[in-house]
Protein chains: 4
Amino acid sequence: MNPYTYESVVHLRDTDATGRLYFPRAFDLAVETFEAYLAHCGLPLGDWLRAGTHAFPVVHAAADYLQPMWPGQPLRVTLTLEEAGTTSLPCRYEISDPAGQTLVQLRLVHVMIDARSGEKKPIPKDWRQRLFAGTPGPDASATTHS
Amino acid sequence: MNPYTYESVVHLRDTDATGRLYFPRAFDLAVETFEAYLAHCGLPLGDWLRAGTHAFPVVHAAADYLQPMWPGQPLRVTLTLEEAGTTSLPCRYEISDPAGQTLVQLRLVHVMIDARSGEKKPIPKDWRQRLFAGTPGPDASATTHS
Amino acid sequence: MNPYTYESVVHLRDTDATGRLYFPRAFDLAVETFEAYLAHCGLPLGDWLRAGTHAFPVVHAAADYLQPMWPGQPLRVTLTLEEAGTTSLPCRYEISDPAGQTLVQLRLVHVMIDARSGEKKPIPKDWRQRLFAGTPGPDASATTHS
Amino acid sequence: MNPYTYESVVHLRDTDATGRLYFPRAFDLAVETFEAYLAHCGLPLGDWLRAGTHAFPVVHAAADYLQPMWPGQPLRVTLTLEEAGTTSLPCRYEISDPAGQTLVQLRLVHVMIDARSGEKKPIPKDWRQRLFAGTPGPDASATTHS
């Protein structure tokens, strides 16, 4: 998997009265990127939420803010997966401006659980393959998400 | 039912880069007030969401913004129920400052539906009584919400 | 101006524990669309916020919710400007799914004010021209927003 | 300073379609707590934002999620200040349920900057005293925030 790239812009909704990005919204940008990546890999979030079997909550989140971000500023978010454990998936995100300057660095760790019991369970083998290949799986052509 | 009152303050999270309240967040304040009122009436949202039988989505929302709102500004939200239909509940909210000046006026219409089928169904009689009495029902003492 | 179109998707951040779009977030989608349209017309929000001369707050907001919206659902938002007054600009938004079914209809009214005094002032003539032409103005080539 | 305590509840706006707290919203709870503490110490955010001299952005944010959080759940947030540097203030937050069980642990580091130049500058001596005393300063009686 090469780093996956998601383009966005700083929307008014994500700023605060200091005139800058309200810092927790950088995590929202990371989540949007992860959702886009899941859809890209043929694992759209909406589908497995509805199925009600798996959940993939975040157990650790961290961010370093290197530069302020202003309304209207174009952004590029790059996602890189770290090595997955049996049940956990650590993800690194870098938010940069169009000139390539790093603005925020984030790290999120997801843990796979059973959606009903809340117990940890292994990341399914086919998820693992799709996520690390970074390419749509065999039946991804059936999805309309992009 | 007398108007129900909810106290809050303009938090940074609800402002934007213009320095004021980001206008959609006035609806969040109304929803917080409705949640507090439901708990006050012995109908805490968390309980009936978990039960999975009823849902009470908003089908119409409107707001008039009379005055800007600034970070740190103390707010009072008053909720007044309009006459309910068989399945619908219109609610009026007024957000004012401590001096009593009206800042925003809102109106939300909820419709009762079956959480699974999505079909409209009558507002349960005991909900109707509790909501319009504005007092906790007989088993509200069992709830820990306030 | 033909209707302006903005594509998005229902992100997890915009849903709530009922499993659907949290209704105030439909206003965020309208604002995102307006921001994209302003940039398209060569009037990027970030620029005139920084200049500190104009503000364009919303004084009226309304929405009708026709269909629920689920995480991952692709959306199309179309913006149509109504006839502007001297100081006010009413905007209609329709959020629909890829099959063209209308999900939410919104109407927002902006009023042009002086950013410092808060007094109403006329919408600048060149803003009016750009907004209703729906095409970038003569110096829009100088902006990097898209 | 004893730990400062802020009471809240999981609002619908802070949940997502998984039925739980949407994880970035735990940072919003920490920020709300910090705003309440600033007001408590006679340093209300709205006042110094308007003055336009200081800004106190977050440069590092981290959270560990130990337990899921559900809509309607009552919460207690406790804030403990770590030792401040010349320009930086690290803050620890613990979100717990009414029974005292820890749900989320957070750490935020603020850095004092000049609001106009963006350059770091020392935390004013009187801020430092008020923040670490955890009691309103001499002119706090003039504020209406609580």
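Here, every reference points to the structure presented above.
So, how was this worked out
Residues numbered from 1 in each chain as written. Chains lettered and ligands numbered in written order. Predicted model: local features only at pLDDT ≥ 70, side-chain atom pairs only at ≥ 80, totals over all residues. Heavy atoms only, no water. Least-squares fit on C-alpha atoms with pLDDT ≥ 70 in both. Pairing = 2+ DSSP bridges. Helix = DSSP H or I, 4+ residues; strand = E, 2+ residues; numbered from the N terminus. Axes fitted to C-alpha atoms, helices over the stretch in contact; angles between N-to-C directions. Contact = heavy atoms within 4.5 Å. Buried area = accessible area lost by both parts, 1.4 Å probe. Salt bridge = Lys/Arg side-chain N within 4 Å of Asp/Glu carboxyl O. Polar contact = N/O pair within 3.5 Å; in protein donor to acceptor, adjacent residues only side chain to side chain. Nonpolar A, V, L, I, M, F, W, Y, C, P; charged D, E, K, R; others polar. Buried < 20%, exposed > 50% of the residue type's maximum accessible area, 1.4 Å probe, protein only. Arc of directions from axis to C-beta.

Novice: Explain the relation of the copies chain D and chain A here, please?
Specialist: Look at the two chain copies: a rotation about an axis and a shift along it is all it takes to match them. Superposing chain D onto chain A takes a rotation of 180 degrees plus a shift of 0.0 Å along the axis, which leaves an RMSD of 0.0 Å. In short, the pair behaves as if placed about a two-fold rotation axis. Ranked by how close their C-alpha atoms come to the rotation axis, the residues of chain D are headed by A62(D), at 2.0 Å.

Novice: Looking at this structure, I do not really get the sheet that holds strand β4 (residues 74–81) of chain C. What am I missing?
Specialist: The strands making up a sheet are joined through hydrogen bonds of the backbone, oriented either antiparallel or parallel. Reading across the sheet, the 10 strands line up as β1(B)-β4(B)-β5(B)-β6(B)-β3(B)-β3(C)-β6(C)-β5(C)-β4(C)-β1(C) and stay open at both edges, with antiparallel pairing between neighbours. Only two strands of the sheet have a single partner each, and these edge strands are β1 (4–9) of chain B together with β1 (4–9) of chain C. Averaged over neighbouring strand pairs, the angle between their axes works out to 15 degrees when direction is ignored. Looking at chain direction, strand β5 (residues 88–96) of chain C and strand β6 (residues 102–111) of chain C are connected through nine bridges and run antiparallel. Residue pairing in the sheet places I95(C) in a bridge with V104(C) of β6(C). Helix α1 (residues 25–40) of chain B contacts β1, β3 (58–65), β4 (74–81), β5 (88–96) and β6 (102–111) of chain B together with β3 (58–65) of chain C of the sheet and is inclined by roughly 130 degrees relative to β1(B).

Novice: Would you mind showing me how to read the interface of chain B and chain D here?
Specialist: How big an interface is tends to be expressed through the accessible area that disappears when the partners come together. The partner chain D presents 20 residues to the 20 residues of chain B that form the contact. Taking both sides of the interface into account, the surface hidden between chain B and chain D amounts to around 1600 Å²; carbon and sulfur atoms contribute 51%. On the chain B side of the interface with chain D, the three residues burying the most area are H11(B), L12(B) and R13(B), jointly 34% of the side's total. Across the pair R13(B) and D28(D) runs a salt bridge whose closest N-O atoms are separated by 3.2 Å.

Novice: Sorry if this is basic, but what is going on with the interface of chain D and chain A here?
Specialist: Facing 22 residues of chain D, the contacting portion of chain A comprises 22 residues. Here chain D packs against chain A, burying approximately 1900 Å² in sum over the two surfaces, 61% of which is carbon and sulfur. Ranking the residues of chain D by area buried against chain A places R20(D), F23(D) and Y65(D) at the top, with a combined share of 23%. Applying the counting rule to chain D against chain A returns two salt bridges. One salt bridge connects D28(D) with R25(A), and the closest N-O pair in it is separated by 3.2 Å. Across the chain D-chain A interface, the total number found is 12 residue pairs in polar contact (both at pLDDT 80 or more). If you list the elements that add at least two residues to the side of chain D that touches chain A, you get α1 (25–40) and β3 (58–65) of chain D. Counting residues per element, the side of chain D that touches chain A draws most heavily on β3(D), which supplies eight residues. Here the residues of the side of chain D that touches chain A are counted per class, giving 16 nonpolar, two polar and four charged. As paired elements, strand β3 (residues 58–65) of chain A and β3(D) share five bridges and run antiparallel to each other. Bridge pairing in β3(D) links A61(A) to A63(D).

Novice: I tried to follow helix α3 (residues 125–133) of chain B on my own but got confused; where do I start?
Specialist: In an α-helix, one turn spans 3.6 residues; hence positions three or four apart end up facing the same way. Residue and element names in this part refer to chain B. The complete set of buried residues in α3 reads W127, R130 and L131. Projection of α3 onto a plane perpendicular to its axis shows the buried side chains occupying an angular sector of 95 degrees, all on one side. Where α3 is buried, its residues meet α1, α2 (45–51), β2 (54–55), β4 and β5. Phi turns positive, to about 70 degrees, at G134, one or two residues after α3.

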